[in-house]
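# Observations on the three-dimensional arrangement
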Amino acid sequence: MFHFDLNARDLLAERRGQFLGWGIARRTLAEAESRVTDTWNEGPGGWVFEWCRIARRLEDRGATLQASLAFGAAKFPALGSDSRCDAYENQLRTFRSTSLAERHALSLPYRGDNIEVVTHRYRARRARAALCLTGGVDTWKVELHRLASTMSRLGRLDVTVFDMPGTGESTVPLAADADEIYAGVLNHIRSDIQPTGIMGISFGGLWAVKLALGGSVDFAIDLGGPVGSENRSLDELAALSNGMSGIIAHSLWLDHLPTQTELDGLFRDFSLRREISTTAELSVPLLVVNGLNDPYLPVSDTDVFRRFDRATVWGVKGAGHCAAERIRPVIAGTLGWISNQVRPRRLNRMAVATASALL
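Here goes a summary of the coordinates provided. A quick note: this is a predicted structure, and the numbers were derived from the prediction, not measured.

### Looking at the packing of helix 6 (residues 145-155) against helix 14 (residues 327-342)
Relative orientation of the contacting elements helix 6 and helix 14 amounts to 45°, with a least axis distance of 11 Å. Put simply, helix 6 runs oblique to helix 14. The interaxial crossing formed by helix 6 with helix 14 has right-handed handedness. When helix 6 is examined against helix 14, the residues Arg 146, Leu 147, Met 151, Leu 154 and Gly 155 are found in contact with a partner set consisting of Arg 328, Ile 331, Thr 334, Leu 335 and Ile 338. Residues of the contact of helix 6 with helix 14, tallied by class, amount to 6 nonpolar, 2 polar and 2 charged.

Here it is as structure tokens:
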């Protein structure tokens, strides 16, 4: 665990839409915004102190889900201190008490051994497909509760959520071969229902693309995934806004900010540029979505997929990373797109065409 330069006010302003998307109430967020003045200070005004004070009050009132989300904000964006680790344990504790998701511990193969992967499962009546849903370096299982339950209910999907390797309850750090873990989760849920797809958000989108390129899923959605479509200067990568380099370093289980040499190696290891350029055509349908004003990723990480006939690409105007500012129409369109893959019908095709026009 280590601290890195991160302005609390800037972080709150940038992630406001993300926190609201998790389901944190506006009044809760407004209270935090009025109180938090420092990212790492452990006393009054400190990020963890103020968010945990709000969370405990919500728990005392019986608002357990809201308390869990507030504890999740307290540990955000990485477990860079003991107090953030404690906040995360409280988030898991309070969320488990809601019984809103089935909790399972899977034993999956990885690097010649078995590792434990904890999942949250949301079952749908008469489910039409199974979906593996994962976030990125700073959005973990509990934060995806609202999205998972909505997609399960409205899309009639059996949704399984787990933390991207290197984050949350993961027992291994993030690494370039983490797609083996994703394949293990997919194999587990595939035994129950077909067809089976994956949706990856932010860094998680990279794994959705990698599995789609390998044809090991029936459909895939990449929402804001970094695929390394073009060379980027090391200075640019090191200077990503709002502590992103530090957040990624924590998912890699480093004890320091990556050096430029490490950054160069990481970019090469994770980049899918070669796989994308040498693939003549996708064997499975792929939906790629991101905001055109993403401060972290170049537009080419979205546009590079336009050459594939089986890829649907939505570059969302007036939106940033993961198109968070327009997430409701994005998710509505995504559900229509999934329905069209599972059961191609005229109405579903019309829904996708409408979403494409709007986004």
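Having seen the structure, we can now continue with the description.
### Considering the packing of helix 2 (residues 26-35) against helix 3 (residues 47-60)
One can describe the packing of helix 2 onto helix 3 by two numbers: an axis separation of 9 Å at closest approach and a directional angle of 145°. Considering only the axes of helix 2 and helix 3, their crossing is right-handed. The residues of helix 3 that touch helix 2, namely those facing Thr 28, Leu 29, Glu 31, Ala 32 and Arg 35, are Glu 50, Trp 51, Arg 53, Ile 54, Arg 57 and Leu 58. Among the residues making up the contact of helix 2 with helix 3, the classes are represented as 5 nonpolar, 1 polar and 5 charged.

### Regarding the packing of aromatic side chains
Applying the stated criterion across every chain yields a total of 15 aromatic pairs. Each ring, one from Phe 19 and one from Trp 22, has its centre 4.8 Å from the other, and the planes form 50°; the classification is tilted. Remark: Trp 22 and Phe 19 occur in helix 1 (residues 8-22); sequence separation between them is 3 residues, near one turn of the helix. You'll find Phe 19 and Trp 22 in the same group, each marked buried. Members of the aromatic cluster, each reached through a chain of ring pairs, are Phe 19, Trp 22, Trp 47, Trp 51 and Phe 76. Sitting over the face of the ring of Trp 140, Lys 75 holds its NZ or CZ atom 4.3 Å from the ring centroid.

### Describing a negative patch on the surface
Together, Glu 42, Asp 82, Asp 86 and Glu 89 line one region of the surface with negative charge. Here Asp 82 shows up in helix 5 (residues 82-98). According to the relative accessible area criterion, Asp 82 is exposed, its value standing at 54%.

### Concerning the environment of Glu 143
Inspection of the secondary structure assignment puts Glu 143 in the loop between strand 3 (129-134) and helix 6. In this structure Glu 143 comes out as buried when scored by relative accessible area, which is 2%. Sequence separation between Glu 143 and Ala 8 is 135 residues, and the spatial gap between their C-alpha atoms is 20 Å. Looking at Glu 143, its side chain comes within polar contact range of the side chain of Gln 91, at 2.5 Å. In this structure the side chain of Glu 143 is engaged in a polar contact, spanning 2.8 Å, whose partner is the backbone nitrogen of Trp 140.

### Quick word on the pattern of salt bridges
Summed over the entire model, instances satisfying the criterion amount to 19 salt bridges. The partner of Glu 143 in a salt bridge is Lys 75, and the shortest N-O contact between them spans 3.1 Å. You can see Glu 143 sitting in the loop between strand 3 and helix 6 and its partner Lys 75 sitting in helix 4 (residues 64-75), a full 68 residues away along the chain. You can call Lys 75 buried: its relative accessible area is 1%. With a closest N to O distance of 2.9 Å, Lys 141 and Glu 169 form a salt bridge. Here Glu 169 lies in the loop between strand 4 (157-162) and helix 7 (179-190) and Lys 141 lies in the loop between strand 3 and helix 6, a separation of 28 residues in the sequence.

### Quick look at the sheet that holds strand 5 (residues 196-201)
Strand order in the open sheet formed by 8 strands is 1-2-4-3-5-6-7-8, and the pairing between neighbours is mixed. With partners counted over all chains shown, the strands left at the sheet margins are strand 1 (102-110) and strand 8 (311-316), one partner each. Strand-to-strand twist across the sheet, computed as the mean angle between neighbouring axes with direction ignored, equals 20°. In this structure, strand 6 (residues 219-223) lies alongside strand 7 (residues 286-291), joined through 4 bridges in parallel fashion. Residue pairing across strands places Ala 220 opposite Leu 286, the latter belonging to strand 7. Its contacts with the sheet put helix 7 on strand 1, strand 2 (113-122), strand 3, strand 4 and strand 5, and the angle it makes with strand 1 is roughly 125°. Running at roughly 165° to strand 6, helix 14 makes contact with strand 3, strand 4, strand 5, strand 6, strand 7 and strand 8 of the sheet.

Reading the values: the criteria
- Residues numbered from 1 in each chain as written.
- Predicted model: local features only at pLDDT ≥ 70, side-chain atom pairs only at ≥ 80, totals over all residues.
- Heavy atoms only, no water.
- Axes fitted to C-alpha atoms, helices over the stretch in contact; angles between N-to-C directions.
- Helix = DSSP H or I, 4+ residues; strand = E, 2+ residues; numbered from the N terminus.
- Parallel < 35°, antiparallel > 145°, perpendicular 65-115°, else oblique.
- Left-handed = near helix turned anticlockwise from the far one by under 90°.
- Contact = heavy atoms within 4.5 Å.
- Nonpolar A, V, L, I, M, F, W, Y, C, P; charged D, E, K, R; others polar.
- Phe/Tyr/Trp six-rings, centres within 6.5 Å; stacked < 30°, edge-to-face > 60°.
- Buried < 20%, exposed > 50% of the residue type's maximum accessible area, 1.4 Å probe, protein only.
- Lys NZ or Arg CZ within 6 Å of the ring centre and 35° of its normal.
- Patch = residues over 30% accessible without salt bridge, like charges linked within 9 Å, V, L, I, M, F, W, Y side chains within 5 Å.
- Areas by Shrake-Rupley, 256 points an atom, 1.4 Å probe, with all protein chains shown as cover.
- Salt bridge = Lys/Arg side-chain N within 4 Å of Asp/Glu carboxyl O.
- Lys, Arg positive; Asp, Glu negative; His and termini not counted.
- Charge placed at Lys NZ, Arg CZ, Asp CG, Glu CD.
- Polar contact = N/O pair within 3.5 Å; in protein donor to acceptor, adjacent residues only side chain to side chain.
- Pairing = 2+ DSSP bridges.

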